[in-house]
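Commentary on secondary and tertiary structure
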Amino acid sequence: MSSLVVLMYHALWRDAGELEGIDAPDRPYALDQARFARQLDALRAHRVAVVDPTALARPDRPLAGVVLSFDDGHASNALLALPLLRERGMRGVFFVTTGFVGTRPGYCSVAQLREMAAQGMEIGGHGHTHRFLSDLSDADLVDEMQRSQGLLAEWLGAAPSQMSFPGGRYDRRALDAAARHGFGILHGSVPGKVAPGPLPRVLPRIAVRAGMSEAAWLAHAQGRTSALLRTQATQATKALARRLLGNAGYHRLYQRIKG
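For clarity, every value in this text was computed on a predicted model and none was experimentally measured.

**What to know about the overall build of the protein**
- On a plain count of helices and strands, the protein comes out with 8 helices and 10 strands.
- Sorting the 259 residues of the protein into buried and exposed places 48% on the buried side.
- Counting only carbon and sulfur atoms, one obtains 54% of the accessible surface of the protein, whose full area is about 11700 Å².

And the structure:
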């Protein structure tokens, strides 16, 4: 495999009670812990390298394999994902919504973020309130960036260099604001893979969903073009709906369908 694929995970769960504790609109992205463990083992069995996310800051080195990323900062990232990664000597990047930390039930505490960082995981920004950045005023956009970057730097002792855009939504203003606030490596949610050479300004990612078959998951992890084309076609349909309905309208429709 000569390309790089960034896989996007969210929450994990062990039993029906934990699954019920995850907000209904987020459950399509929540994975059974045992299934996640099998996926990690499948990467090793199929000789797909798990790339240390800090290597993204060294574009002079060829990167091939997968980067494991997690959005939102759910507590299961620390309680369930971290032990499985450490057992296998793997590292991931965890994008945290700072306004949820220590305040929203089911999400990481500052102590858990520090433990993940101490165990070699990369902690990145995911906004402060999880609002879609392209919908914000200039002042609110700057506030989101400042709070996200500042709180993570305060909690972890180092400013984060990576971020993912909440909901994958961004515009030119968000790109420029991210760069001004020290986020040099940006992750989106448009499906794709990264070819050898300079990294794109916004990295594509593959969302791992509960309904994704193991065969489809492996095909994406291996960067197979046929699987990516099917996912890109689905994403293009959703993108058209977002343009017609707007971010807020599309999100309300999604919540009604999934709620």
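**Considering the side chain of His-181**
- For His-181, the location among the structural elements is in the loop between α6 (172–180) and β8 (185–187).
- On the basis of relative accessibility, which here comes to 15%, the residue His-181 falls in the buried class.
- Looking at His-181, its side chain comes within polar contact range of the main-chain oxygen of Ala-177, at 2.8 Å.
- Those residues within four positions of His-181 in sequence are excluded, and the remaining contacts are Val-142, Met-145, Gln-146 and Gln-149.

**Concerning unusual backbone geometry**
- A positive phi is found at Arg-47, a non-glycine position, where the angle reads about 55°.
- Take Arg-47: it is sitting in the loop between α2 (33–45) and β4 (65–72).
- Classification of Arg-47 as exposed rests on a relative accessible area of 81%.
- In this structure, Asp-72 takes a positive phi of about 95° despite not being glycine.
- Structurally, Asp-72 can be placed in strand β4.
- What makes Asp-72 buried here is its relative accessible area of 10%.

**Considerations on the pattern of salt bridges**
- Taken as a whole and judged by the stated rule, the model has 14 salt bridges.
- Two residues, Arg-14 and Glu-18, come together in a salt bridge whose shortest N-O distance is 2.6 Å.
- We classify Glu-18 as partly exposed; its relative accessible area is 26%.
- A salt bridge links Asp-140 to Arg-131; the nearest nitrogen and oxygen atoms lie 3.9 Å apart.
- On the accessibility criterion, Asp-140 (32% relative accessible area) is partly exposed.
- Using a relative accessible area of 33% as the deciding quantity, one classes Arg-131 as partly exposed.

**Overview of helix α3 (residues 75–87)**
- Over its 13 residues, α3 extends 18 Å from the first C-alpha to the last, a length consistent with the 18 Å expected when each residue adds 1.5 Å.
- Every buried residue of α3 is listed here: Ala-75, Ser-76, Asn-77, Ala-78, Leu-80, Ala-81, Leu-82, Leu-84 and Leu-85.
- Summarising the contacts, the buried residues of α3 are in contact with β2 (12–13), α1 (16–20), α2, β4, β5 (92–96) and α4 (110–118).
- Just downstream of α3, Gly-89 is the residue with a positive phi angle, here 65°.

**Some points on the nonpolar core**
- The biggest cluster of nonpolar side chains holds 38 residues, and the ones touching the most others in it are Leu-7, Tyr-9, Phe-36, Leu-68, Leu-85, Met-116 and Trp-217.
- For this core, the secondary-structure elements that each account for two or more residues are β1 (4–9), α2, β4, α3, β5, α4, α5 (138–156) and α7 (214–221).
- Filtering out sequence-adjacent residues up to four positions away, Tyr-9 remains in contact with Leu-31, Phe-36, Gln-39, Leu-68, Ser-69, Phe-70, Asp-71, Val-208 and Trp-217.
- Formed by 13 residues, the second largest nonpolar core is a distinct cluster that contains Leu-133, Leu-141, Met-163 and Phe-183.

**Observations concerning the packing of α2 against α7**
- Axis separation between α2 and α7 bottoms out at 11 Å; the angle between their running directions is 45°. Classed by the angle they form, the pair α2 and α7 counts as oblique. As for how α2 packs across α7, the hand of that crossing is right-handed. Along its contact with α2, which presents Arg-35, Gln-39, Ala-42 and Leu-43, the element α7 presents Glu-214, Trp-217 and Ala-221.

**Some thoughts on the environment of Val-51**
- You can see Val-51 is positioned in the loop between α2 and β4.
- Here the alpha-carbon distance between Val-51 and Ala-64, two residues 13 residues apart in the chain, equals 7.4 Å.
- Filtering out sequence-adjacent residues up to four positions away, Val-51 remains in contact with Leu-4, Leu-63, Ala-64, Gly-65, Val-66, Val-67 and Arg-91.

**Considering the packing of α5 against α6**
- Closest axis-to-axis distance for the α5/α6 pair is 10 Å, and the angle between their directions is 40°. Comparing the axis directions of α5 and α6 gives the class oblique. Note on packing geometry: the crossing formed by α5 with α6 is right-handed. Contacts between α5 and α6 involve Asp-138, Leu-141, Val-142 and Met-145 from the former and Arg-173, Ala-174, Ala-177, Ala-178 and Arg-180 from the latter.

Calculation criteria
Residues numbered from 1 in each chain as written. Predicted model: local features only at pLDDT ≥ 70, side-chain atom pairs only at ≥ 80, totals over all residues. Heavy atoms only, no water. Helix = DSSP H or I, 4+ residues; strand = E, 2+ residues; numbered from the N terminus. Buried < 20%, exposed > 50% of the residue type's maximum accessible area, 1.4 Å probe, protein only. Areas by Shrake-Rupley, 256 points an atom, 1.4 Å probe, with all protein chains shown as cover. Polar contact = N/O pair within 3.5 Å; in protein donor to acceptor, adjacent residues only side chain to side chain. Contact = heavy atoms within 4.5 Å. Salt bridge = Lys/Arg side-chain N within 4 Å of Asp/Glu carboxyl O. Expected span 1.5 Å × (residues − 1). Core = buried A, V, L, I, M, F, W, Y, C linked by side-chain atoms within 4.5 Å. Axes fitted to C-alpha atoms, helices over the stretch in contact; angles between N-to-C directions. Parallel < 35°, antiparallel > 145°, perpendicular 65-115°, else oblique. Left-handed = near helix turned anticlockwise from the far one by under 90°.

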